[in-house]
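The primary structure of each chain is shown beneath.
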Amino acid sequence: MGNLKKRDMTDSSEEFTLEQEALIRQWIEYRKVVLDRLNPQQLVPHSVFHELNHQLKNTSYLAGNKFSKADAELLSGLIEFYGPQSIQLKEKYPHLTRWFRHVQHITNDKLSITIPFSRSSLY
């Protein structure tokens, strides 16, 4: 998982439904197929940000309402691409930015860097 330590997923409060487990596997595969193939020097297509923003519109986490390995994996895969983006661009993707800020906070002690976000809208 890159710079993130594994969170204990054996706790009974962390059990997932079969659908959630499938989503977790899907998002981990998404990271491998889409994000891991991108060069850090190239721009991430905005379609990636748009897709993630849309997915997070009605959920707190990628697999529903529980933090999962998928969230940690995507955060680790996105941090080098989303972090350097301007605050104006991040405001175009409010759900992704909310998720990123929240998951970053959950894993803050495990990350080597923290990404800044605006506390209020610029416009």
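Residues numbered from 1 in each chain as written. Predicted model: local features only at pLDDT ≥ 70, side-chain atom pairs only at ≥ 80, totals over all residues. Heavy atoms only, no water.

Observations concerning the overall build of the protein
Note the cut-off: The numbering of helices and of strands both runs from the N terminus, where a helix is a DSSP run of H or I of at least 4 residues and a strand a run of E of at least 2. Each residue is assigned to one of three classes by its accessible area relative to the maximum for its type, calculated with a 1.4 Å probe on protein chains only: buried under 20%, partly exposed between the two thresholds, exposed over 50%. Any two residues whose heavy atoms approach within 4.5 Å at even a single point are treated as in contact.
Within the protein one finds five helices and zero strands. Put simply, the protein runs from its N terminus to its C terminus through helices and strands in the order α-α-α-α-α. A total of 123 residues make up the protein; the buried ones form 41% of that total. A sequence separation of at least 24 residues applies to 73% of the contacts in the protein between residues at least 6 apart.

A word on the packing of helix 1 (residues 18-35) against helix 2 (residues 46-55)
Keep this limit in mind: In this description, a line fitted to the C-alpha atoms serves as the axis of each element, helices being fitted only across the stretch in contact, and the angle between N-to-C directions of two axes falls anywhere from 0 to 180 degrees. By definition in this entry, angles of less than 35 degrees are roughly parallel, angles greater than 145 are roughly antiparallel, angles of 65 to 115 are roughly perpendicular, and the rest are oblique. For this classification, the nonpolar set comprises Ala, Val, Leu, Ile, Met, Phe, Trp, Tyr, Cys and Pro, the charged set comprises Asp, Glu, Lys and Arg, and every other residue, Gly included, is treated as polar.
Direction vectors running N to C along helix 1 and helix 2 enclose 170 degrees, while the axes themselves pass 13 Å from each other. Accordingly, the angle class assigned to the pair helix 1 and helix 2 is roughly antiparallel. In this structure, helix 1 contributes Trp-27, Tyr-30, Val-34 and Leu-35 to the contact, and helix 2 contributes Val-48, Glu-51, Leu-52 and Gln-55. Of the residues assigned to the contact of helix 1 with helix 2, the class counts are six nonpolar, one polar and one charged.

Some words on helix 2
Going by this rule: What the arc measures is the spread of directions leading from the helix axis to the C-beta atoms.
For helix 2, the full list of buried residues reads Val-48, Phe-49, Leu-52 and Asn-53. Down the axis of helix 2, the buried side of the element spans an arc of 130 degrees, and every buried residue falls inside it. In this structure, helix 2 carries Ser-47, His-50 and His-54 as exposed residues pointing more than 90 degrees from its buried face. Next to the buried residues of helix 2 lie helix 1, helix 3 (69-82), helix 4 (87-91) and helix 5 (94-106).

Concerning the pattern of salt bridges
Note the cut-off: By definition, a salt bridge exists where a carboxyl oxygen of Asp or Glu is found within 4 Å of a side-chain nitrogen of Lys or Arg.
Taken as a whole and judged by the stated rule, the model has two salt bridges. A salt bridge links Arg-31 to Asp-36, with the nearest nitrogen and oxygen atoms 2.9 Å apart. The buried category is assigned to Arg-31, whose relative accessible area is 13%. Here Arg-31 makes a salt bridge to Glu-73, at a shortest N to O gap of 3.2 Å. Residue Arg-31 is found in helix 1, and its partner Glu-73 is found in helix 3; the two are separated by 42 residues along the sequence. Note on Glu-73: relative accessible area 11%, which makes it buried.

Re the environment of Glu-80
Structurally, Glu-80 is set in helix 3. A C-alpha to C-alpha distance of 9.5 Å links Glu-80 and Gln-41, two positions 39 residues apart in sequence.

Read these as spatial facts, not as claims about activity.
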